[in-house]
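Overview (structure and organization)
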Amino acid sequence: MTKATELRAKDVAALEKEVTDLLKAHFGLRMQKATQQLTNHSTLGKTRRDIARAKTILAQKKKEATK
């Protein structure tokens, strides 16, 4: 789980990489769920929230840069 303070310390490029990594991880978890290999279903929700958190901070940083 990534904390917002850790994400805010990163630059835009690092945040974009973080989002793509989280999306890949979420896809892998969804495939595990589909094949009934996923044992801890709460990781899906946690990953989804991490993606939303990273995307929110990324949008804030991009908006800040355009000001």
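These numbers come from a predicted model, not from an experiment.

Position of lysine 61 relative to the elements: it lies in helix H3 (residues 42-66). You can call lysine 61 partly exposed: its relative accessible area is 23%. For the pair lysine 61 and threonine 35, spaced 26 residues apart in sequence, the C-alpha separation works out to 38 Å. Look past the residues within four positions of lysine 61 in its chain and what remains in contact with it is Leu7, Arg8, Lys10, Val12 and Leu15.

What follows concerns the nonpolar core. Counting residues in hydrophobic clusters, the biggest one holds eight residues: Leu7, Leu15, Val19, Leu22, Ile51, Ala54, Ile57 and Leu58. Taken together, the elements giving at least two residues each to this core come down to helix H2 (12-34) and H3. It is H3 that provides the largest number of residues to this core, a total of four residues.

With 25 residues, H3 extends 37 Å between its outermost C-alpha atoms, agreeing within 8% with the 36 Å of an ideal straight helix rising 1.5 Å per residue. What H3 keeps buried is the set Leu44, Gly45, Thr47, Asp50, Ile51, Ala54, Ile57 and Leu58. Structurally, H3 contributes buried residues whose contacts are with helix H1 (4-8) and H2.

Taken residue by residue, the protein gives an average pLDDT of 93. The fraction at 70 or more is 97%. At the level of individual helices and strands, the protein shows its lowest average pLDDT in H1, which scores 91, and its highest in H2, which scores 96.

For the structure shown, the criterion picks out four salt bridges. Between lysine 10 and glutamate 18 there is a salt bridge, with the nearest N and O atoms lying 2.8 Å from each other. We classify lysine 10 as partly exposed; its relative accessible area is 29%. With its nearest N and O atoms 2.9 Å apart, the salt bridge here joins lysine 17 to aspartate 21. Residue lysine 17 and its partner aspartate 21 are located together in helix H2, separated by four residues, close to a single helical turn.

Rules behind the numbers
Residues numbered from 1 in each chain as written. Predicted model: local features only at pLDDT ≥ 70, side-chain atom pairs only at ≥ 80, totals over all residues. Heavy atoms only, no water. Helix = DSSP H or I, 4+ residues; strand = E, 2+ residues; numbered from the N terminus. Buried < 20%, exposed > 50% of the residue type's maximum accessible area, 1.4 Å probe, protein only. Contact = heavy atoms within 4.5 Å. Core = buried A, V, L, I, M, F, W, Y, C linked by side-chain atoms within 4.5 Å. Expected span 1.5 Å × (residues − 1). pLDDT = per-residue confidence, 0-100. Salt bridge = Lys/Arg side-chain N within 4 Å of Asp/Glu carboxyl O.

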